[in-house]
Amino acid sequence: MPSYFTSAPGKVILFGEHAVVYGKLATAGSLGLRSYALVQSRTDGALEVNLPDVQLVRSWKSADIPRQARWEGYPYPPPAMNVELLDQLTKFVDLGTQTNRSVAAIALLYLHSYLTSDDIANQGYDLSVRSDLPVGAGLGSSASYSVCLATALLKLNGHLSESLSAADQRDLVNQWAFQAEKVIHGNPSGIDNTVSTLGGAVIFKKGEKIEPLPGFQSLKFILTNTRVPRETQVLVANVRKLREKFPSVVNPMLDSINEISISCKQLFAQNGEDRAHLLSRFGDLVDVNHGMLAALGVSHPTLEKVREISSKLGLKSKLTGAGGGGCALTLVRDDMDEKTVEELKTKLGEQGFEVLEAQVGGPGAGFVTLDSVTSIAEFLSRGTADLETQTWTYFV
Ligand SMILES: Nc1ncnc2c1ncn2[C@@H]1O[C@H](COP(=O)(O)OP(=O)(O)OP(=O)(O)O)[C@@H](O)[C@H]1O
Ligand SMILES: C[C@@](O)(CCO)CC(=O)[O-]
Ligand SMILES: [Mg+2]
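- Under an unreviewed UniProt entry, the name given to the protein is Mevalonate kinase, and the source organism is Entomortierella chlamydospora.
- Its UniProt record gives the protein the following Subcellular location (unreviewed entry) comment, quoted word for word: "Cytoplasm".
- You can read under Function (unreviewed entry) in the UniProt record for the protein the words "Mevalonate kinase; part of the second module of ergosterol biosynthesis pathway that includes the middle steps of the pathway. The second module is carried out in the vacuole and involves the formation of farnesyl diphosphate, which is also an important intermediate in the biosynthesis of ubiquinone, dolichol, heme and prenylated proteins."

### Some remarks on the pairing of strand β5 (residues 124-131)
No. 1: The element β5 is extensively covered by neighbouring structure, given that 8 of its 8 residues are classed as buried.
No. 2: Every second residue of β5 is oriented toward a common face, with Gly-124, Asp-126, Ser-128 and Arg-130 on one face and Tyr-125, Leu-127, Val-129 and Ser-131 on the other, all of them buried.
No. 3: Across 7 bridges, the pairing between strand β2 (residues 26-41) and β5 is antiparallel. Within the sheet, the bridge partner assigned to Gln-40 lies in β5 and is Asp-126.
No. 4: Pairing geometry for strand β3 (residues 46-51) and β5, over 5 bridges, is parallel. Note on β5: the bridge partner recorded for Leu-47 is Tyr-125.

### Considerations on the coordination of the magnesium ion (ligand 3)
Under perfect tetrahedral coordination by four donors, a metal shows angles of 109.5 degrees; under perfect octahedral coordination by six donors, it shows angles of 90 or 180 degrees.
No. 1: For the magnesium ion (ligand 3), the full set of protein donor atoms is Ser-142 (OG) and His-185 (NE2), at a range of 2.1 to 2.4 Å. Of this pair, Ser-142 sits in helix α4 (residues 141-156) while His-185 is found in helix α5 (residues 166-185), placing the two residues 43 residues apart along the sequence.
No. 2: Residue classification places Ser-142 among the buried residues on the basis of a relative accessible area of 13%.
No. 3: Residue class for His-185 comes out buried when judged on its relative accessible area of 11%.

### A look at the pattern of salt bridges
No. 1: Applying the stated criterion across every chain, the model contains 21 salt bridges.
No. 2: Residue Lys-318 pairs with Glu-17 through a salt bridge whose shortest N-O separation is 3.0 Å. Within this pair, whereas Lys-318 is found in strand β9 (residues 317-320), its partner Glu-17 is found in the loop between β1 (3-15) and β2, the two being separated by 301 residues in sequence.
No. 3: Where Arg-70 meets Asp-118, a salt bridge forms, and the shortest distance between an N and an O atom there is 3.0 Å. Of this pair, Arg-70 sits in the loop between β4 (56-61) and α1 (83-93) while Asp-118 is found in helix α3 (residues 118-123), placing the two residues 48 residues apart along the sequence.
No. 4: The class for Asp-118 is partly exposed, based on a relative accessible area of 43%.
No. 5: Sharing partners across several salt bridges, the network here consists of Arg-42, Asp-44, Glu-48 and Asp-126.

### Description of the packing of aromatic side chains
No. 1: Applying the stated criterion across every chain yields a total of 12 aromatic pairs.
No. 2: Taking the centre distance of 6.5 Å and the plane angle of 80° together, the rings of Tyr-4 and Phe-367 count as edge-to-face. Taken as a pair, Tyr-4 in strand β1 and Phe-367 in strand β12 (residues 366-369) lie far apart in primary sequence, 363 residues in all. Residues Tyr-4 and Phe-367 agree in their burial class; the two are buried.
No. 3: Relative to Phe-282, the ring of Phe-221 has its centre 6.2 Å away and its plane inclined at 45°; by these criteria the two rings are tilted. Within this pair, whereas Phe-221 is found in strand β8 (residues 220-225), its partner Phe-282 is found in helix α9 (residues 275-295), the two being separated by 61 residues in sequence.
No. 4: By relative accessible area, Phe-221 is classed as buried at 2%.
No. 5: Owing to a relative accessible area of 1%, Phe-282 belongs among the buried residues under this scheme.
No. 6: An aromatic cluster of at least three residues, connected via ring pairs, comprises Phe-15, Phe-216, Phe-221, Phe-268 and Phe-282.
No. 7: Above the face of the Phe-379 ring, Arg-130 is positioned so that its terminal group lies 5.9 Å from the ring centre.
No. 8: Looking at Lys-155, its charged tip hangs above the ring of Phe-367, at a distance of 4.0 Å from the centre.

Cut-offs applied
Every chain is numbered on its own, with residues counted from 1 as its sequence reads. To read the labels, note that chains go from A and ligands from 1, taken in the order they are written. Only residues with pLDDT of 70 or above have their local features reported here, since the model is predicted, and side-chain atom pairs are shown and tallied only from 80 upward, although totals for entire chains, interfaces and linings are computed over all residues. Excluding hydrogens and water, the side-chain values take into account all heavy atoms of the structure. UniProt positions are given in the numbering used here, feature names are shortened, and annotations may be inferred rather than shown by experiment. The classification of residues rests on relative accessible area computed with a 1.4 Å probe and restricted to protein chains. Under 20% of the type maximum is buried, over 50% is exposed, and intermediate values are partly exposed. Strands are runs of DSSP state E lasting at least 2 residues, helices are runs of H or I lasting at least 4, and numbering of each runs from the N terminus. Here, any two strands with at least 2 DSSP bridges between them count as paired. Coordination shells were defined by N, O and S atoms within 2.8 Å of each metal, extended to 3.2 Å for Na, K and Ca; water is absent from the atom set, which can make sites look incomplete. Basic side-chain nitrogens of Lys or Arg form a salt bridge, by our definition, when they fall within 4 Å of a carboxyl oxygen of Asp or Glu. For Phe, Tyr and Trp, rings pair up if their centres lie within 6.5 Å, where Trp contributes its six-membered ring, and each pair is then called stacked (planes under 30 degrees apart), edge-to-face (over 60) or tilted (otherwise). Cation placement over rings: the criterion is NZ of Lys or CZ of Arg within 6 Å of the ring centroid and within 35° of the ring normal.

Set out below in structure tokens:
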């Protein structure tokens, strides 16, 4: 009766969102805010899914769920996106096409279709996911959800055997989480699931081996959730349309954003000893990158409000993630006194924004093997601090 907790962090993109979709460099770090899953096998052939963050509770007879090919296992890569299966699953879940919970359920069943063995499918299983991240706010909730799902289903089906190195296990989790991200986002670059799987801070280029950001030093940010809902898929599509209309205008902007990530990498690599200089230059890059994103049409009046409020207090902010609402990050320099930070938080709160403080650069995906059946209700009501006291295994 295998059963597991799995967990994965959200992410904050420092520089390079959107440009990363076109093969440009981006830098990002994992967040202290995480999602958690509980997966455990049953005996009655049901697949029971609990996703409280998107208000979804469903129980399907496992035998009724459309399935096509199974994945052959390591070292085979996941097959190309199966559009026919996606159509079948969309009809099967019957929750509308573009709702939060519809895509969440389809992503889960898509991984189920490939990763679940016939034996486990016949027995059935419970899968619940809960998150400390705001959903759809630019902090990688979809990636963190996808990484939790991939880790849970790979573990449950014995695909992460101990004969594989930690790096191979991590790659498998990342590759399958990317499949789930594709179901949710359409055309993701893969940066979000990669940061969520690996943890730490990375410099990322689509399709290339990922490197930790050399010399990365922990930075303090305030994250402001404007609470304006938006969908990453829609914003990415809007930038694509603008680029198709004006390639000669937009392409140089994407190149400039690439240079921002290179400058960030150089800052950490060269200026590690002069922290004040590093933070001042980092702040300049925050400003420039936001300006370019605004020019690409992915800012929002609320994000500009965050910039206005923070700028009056001498702080630099930019949107983070896809933009169009969602979250902004504000760099808190070491020399900022607590009073100013409190004033910032108060002013942001007065606008109805949610202010989050989180560490950047913590651990990536992890799991705990459980030796007894856990009640779903208990798992869903447990505090994060309580879950974190478990003995987690990370893929390092
Ligand atoms: N805890 C969760 N439970 C179930 N589904 C989730 C959860 N978190 C995210 N999702 C899925 O991810 C979707 C949100 O993804 P989206 O990419 O638009 O936002 P994000 O990942 O928070 O932001 P960004 O991609 O800009 O970082 C939701 O509609 C839902 O389908
Ligand atoms: C907007 C985007 O660049 C980042 C979303 O967090 C999309 C992606 O990279 O897939
Ligand atoms: Mg996302």
